[in-house]
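Observations on chain architecture
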Amino acid sequence: MFDFYRVAACVPQVKVGDTDYNTDRILEKITEAYDYKASIIAVPELAVSGYSCQDLFFQEPLMKGVKSSLGRIIKSTKDRNEIIIIGAPFILCGKLYNTAFVILKGKVLGISVKTFIPNHNEFYEKRWFNSANSLSISTICFSELGIDTGLNIPDYELPVGNDIIYDIDGCLKFGVEICEDLWAPVSPSNMMALGGAELIVNISASNEVIAKREYRKNLVKQQSASLLCEYLYVSAGSSESTQDLIFSGHSILAENGAVINENRDFIANDYIMIADMDLGKIRHDRMVSSTFNDAAELFMDDISLQTNIKVSDIKLPESDGQYIITSKKPFIPGTKSKRIKRCNEIFEMQVGGLVKRLEVTGSKPVVGVSGGMDSTLTLLVCARALEKMNRDPSDLIAITMPAFGTSDRTYNNSLELIKALGTEPVIIDIKDSCLQHLKDLNHDPELKDITYENTQARERTQVLMDYANKEGGLVVGTGDLSELALGWCTYNGDQMSMYGVNGSIPKTLVRWMIDSVVENDIFPDANDALTDILDTPISPELLPPDENGNITQKTEENVGPYELHDFFIYYSLRYGYGPSKIYFLAQKAFKEDYSDEDIKRWITMYYKRLFSQQFKRSCMPDGVKVGTVSMSPRGDLRMPSDAAVSLWMKEVENL
């Protein structure tokens, strides 16, 4: 199911020092996690005994109870294919260690050992535990552990240490570290990830103090980002001893810098947090990241010292993706405050790029203004750039070029907006020029085909280019990322300019970019016009309006909904997903909006146009990249213009 795997962070009720009680609660949580079809089930640090046992860790009855509990837990997994990770104190070679037992199908795959033993502030762990660095062994026979499982399984050898990567039949590689290991300048997970671990599981007992939760969360996010990995963090809950500390039961799953799920209660206990991982994202980003791969080569000698435990003939339960979080609009933040902040930052990047180009060329910006959203955003960027340069607003040359399809609404909005920005519109009616050109081509103007439409688009570009020559100007392009992906632009028409400012902004974001300008009152005199522009249907306006003057040519009726295409763009270009996985995610995200047939229809359109229209992108003008997805042939999408789409279409046809 598309590299989806489910994880469960289990925080059971604990009685400090009561291993029988704790084991009952752990087994209850594991059984509950089975019902959720989790593949990886993690329980906090020292959960078998309780983290806060203090000098009771030295008591023989507690150590005997731990062994008995581990035997029960191991036995309970005999017929299960899930990975169980349990925290327990354990004696190895006469020394006490803080360990994580990794269990599968009635066997211990390995014992991961805590490396960094905190002994500062409220922590006194060195009083009880030794570091993994003090281990004199790297493997041990199960029989030497003294754990009775009651299972008739031949003796076997298993790894012990802080350098273990667990490889489950090639479908998932993971490593385990314990609590403070994450807080160290260089943690065991660094080497695990460079050695191939895609998931890091951290079982922890982290007490809560003011502001620590946010700091901890940022640590997990950053570690998952720098290691390009999934990072599952599960911490002991509030039923631990409160003699001097309170434990909060903080659990998090982070995926390459993004929090996928997190328990919401500040002080929590006795719960399960469920989340689905998408390992496809991790595998894609590691494949394309030269930095990650260079780091793996640099530390190859260190990585080669690690134990790589391979488990064959075991198939982890794959997730059906029920808990995968999929936004309809992946380019747009989910909250208003974040959206406005993001749009402000992008706007400043657009402006900064244009300022540099205008400084170098000494030019005036020249914009073709249609009354649509793309040209509106370009016009706003140009006006703001001139403000930043302390130049007169009248240096902005805004040209509106009505033709056969221009509606009164878009024409009037264009004029109102241009004037509100402090300059005078240049009005050049191109109808006669287009009719003359059609006459030269011996083309009947009543035949409203692609030649009829593109004659207008190319005439507008010619006017802009020549007017720029006349005024010492720079034609600033209006085309956006969505139009580039679909090739929904006229070659050597609106596809061309001297500099583009919208080239890495998808259509769904363009709307919110303009909205943020209104929200921030950047050009207060223009707010009324901008509000009406946002309400205007998207159209190239190359076909005549109806008898009432309304727009008849609506882009999304021909090429498909831009919210769907932007979704396809994001997952195909950002993560390299194929049609099947994107289709699945789209079904999940848009189940209330589009039928499966509609999604398939438009994803078919997307792939056909993505490949066939590459020649338009191969010669697109300069313009700054503002997001993680861009189609510049000089940077993010180097693709042959004559590449075959057959493999992608074959997958589409089988949806």
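Residues numbered from 1 in each chain as written. Predicted model: local features only at pLDDT ≥ 70, side-chain atom pairs only at ≥ 80, totals over all residues. Heavy atoms only, no water.

1. As for the sheet that holds strand E1 (residues 4-11)
Hydrogen bonds between backbone groups are what pair the strands of a sheet, and the pairing can be parallel or antiparallel. To be explicit about the condition: When DSSP locates at least two bridges between a pair of strands, those strands are taken to pair. Strands are runs of DSSP state E lasting at least 2 residues, helices are runs of H or I lasting at least 4, and numbering of each runs from the N terminus. To get an axis, a line is fitted to the C-alpha atoms, and for a helix only the part in contact is used. The angle between two axes follows their N-to-C directions and goes from 0 to 180 degrees.
Spatially, the eight strands line up as an open sheet ordered E6-E7-E5-E4-E3-E2-E1-E14, and their pairing is mixed. In the strand order of this sheet, the two ends are held by strand E6 (139-141) and strand E14 (271-278), each with one partner. Across this sheet, the average inter-strand angle for adjacent strands is 30°, counted without regard to direction. Pairing of E1 with strand E2 (residues 40-42) involves three bridges; the strand directions are parallel. Note that in E2 the partner of Val7 across the bridge is Ile40.

2. Quick notes on the sheet that holds strand E8 (residues 164-168)
The condition is simple: Here, two residues are considered to be in contact whenever any of their heavy atoms come within 4.5 Å of each other.
Reading across the sheet, the seven strands line up as E13-E12-E11-E10-E9-E8-E15 and stay open at both edges, with mixed pairing between neighbours. Two strands lie at the open edges of the sheet, namely strand E13 (258-262) and strand E15 (307-311), each paired on one side alone. Between one strand axis and the next, the sheet turns by 20° as a mean value, whatever way the strands run. Summarising the sheet, strand E10 (residues 199-204) and strand E11 (residues 230-235) pair through six bridges and their orientation is parallel. If you follow Val201 over to E11, its bridge partner there is Leu232. Contacts between helix H4 (residues 212-226) and the sheet are confined to E11, strand E12 (252-255) and E13, with E12 contributing the most and set at about 35° to the helix.

3. Some remarks on helix H10 (residues 408-420)
What counts, and what does not: Multiply 1.5 Å by the residue count of a helix minus one, and that product is the helix's expected span.
When the terminal C-alpha atoms of H10 are compared, their 18 Å separation across 13 residues agrees well with the 18 Å that a helix rising 1.5 Å per residue should span. Summarising the contacts, the buried residues of H10 are in contact with helix H9 (373-388), strand E17 (397-400), strand E18 (426-427) and helix H15 (527-534). Just past H10, the residue Gly422 takes up positive phi, approximately 95°.

4. Side note on the nonpolar core
Rules: For our purposes a nonpolar core is just a set of buried Ala, Val, Leu, Ile, Met, Phe, Trp, Tyr and Cys residues, chained together by side-chain atoms within 4.5 Å. Remark: exposure states derive from per-residue accessible area (1.4 Å probe, protein chains only) relative to the maximum for the residue type, with buried under 20%, exposed over 50%, and partly exposed in between.
In terms of nonpolar packing, the biggest core is built from 81 residues, with Leu354, Leu379, Phe567, Phe568 and Tyr607 touching the most fellow members. A per-element tally of this core places H9 first, with nine residues. Beyond its immediate sequence surroundings of up to four residues, Phe568 is in contact with Ile582, Ala586, Ile599, Trp602, Ile603 and Tyr606.

5. Regarding the packing of aromatic side chains
Where we set the bar: Each aromatic pair joins two rings of Phe, Tyr and Trp (for Trp, the six-membered one) with centres within 6.5 Å, and gets the label stacked for planes under 30 degrees apart, edge-to-face for over 60, and tilted for any other angle. Placement of a charge over a ring requires the Lys NZ or Arg CZ to be within 6 Å of the ring centre, with the centre-to-atom vector within 35 degrees of the ring normal.
Taken as a whole and assessed by the stated rule, the structure comprises 24 aromatic pairs. Relative to Tyr571, the ring of Phe567 lies with its centre 4.9 Å away and its plane at 55°, an arrangement referred to as tilted. One end of the pair is Phe567 and the other is Tyr571, both in helix H17 (residues 562-574) and four residues apart, which spans about a single turn. Accessibility classification places Phe567 together with Tyr571 in one group, the buried group. Aromatic ring contacts, followed pair by pair, group Phe331, Phe567, Tyr570, Tyr571, Tyr575, Tyr577, Phe590 and Tyr594 into a single cluster. Positioned above the aromatic ring of Tyr156 is the side chain of Lys107, whose terminal nitrogen or guanidinium carbon lies 4.4 Å from the ring centre. Lying over the aromatic face of Tyr577, Lys581 brings its terminal NZ or CZ to 3.9 Å of the ring centre.

6. A closer look at the packing of H9 against H15
Applied cut-off: Any angle between 65 and 115 degrees counts as roughly perpendicular, while under 35 counts as roughly parallel, over 145 as roughly antiparallel, and the rest as oblique. Here a crossing is called left-handed whenever its near helix is offset anticlockwise from the far helix by less than a right angle, and right-handed whenever the offset is clockwise. Under the grouping applied here, Gly and all other residues not named as nonpolar or charged are polar, the nonpolar ones being Ala, Val, Leu, Ile, Met, Phe, Trp, Tyr, Cys and Pro and the charged ones Asp, Glu, Lys and Arg.
Their axes nearest at 10 Å, the elements H9 and H15 cross at an angle of 150°. With respect to each other, H9 and H15 are oriented roughly antiparallel. Between H9 and H15 lies a crossing whose hand is left-handed. Residue-level inspection shows Met373, Thr376 and Leu380 of H9 in contact with H15, the latter providing Leu530, Ile533 and Leu534. Each residue belonging to the contact of H9 with H15 can be placed in one class, and the counts come to five nonpolar, one polar and no charged.

7. Quick look at unusual backbone geometry
Positive phi outside glycine occurs at Gln54, with the angle close to 55°. Structurally, Gln54 is set in the loop between E2 and helix H2 (60-76). The backbone phi angle of Asn256 is positive, close to 50°, even though this residue is not glycine. Looking at the element boundaries, Asn256 is found in the loop between E12 and E13.

8. Brief notes about the environment of Lys29
In this fold, Lys29 is placed in helix H1 (residues 19-35). A relative accessible area of 9% places Lys29 in the buried class. Separated by 477 residues in sequence, Lys29 and Pro506 place their C-alpha atoms 44 Å apart. The contact partners of Lys29, leaving out residues within four places of it in the chain, are Cys10, Val11, Pro12, Asp270, Tyr271 and Ile272.

It is worth stressing that arrangement in space is one thing and function is another; only the former is reported here.
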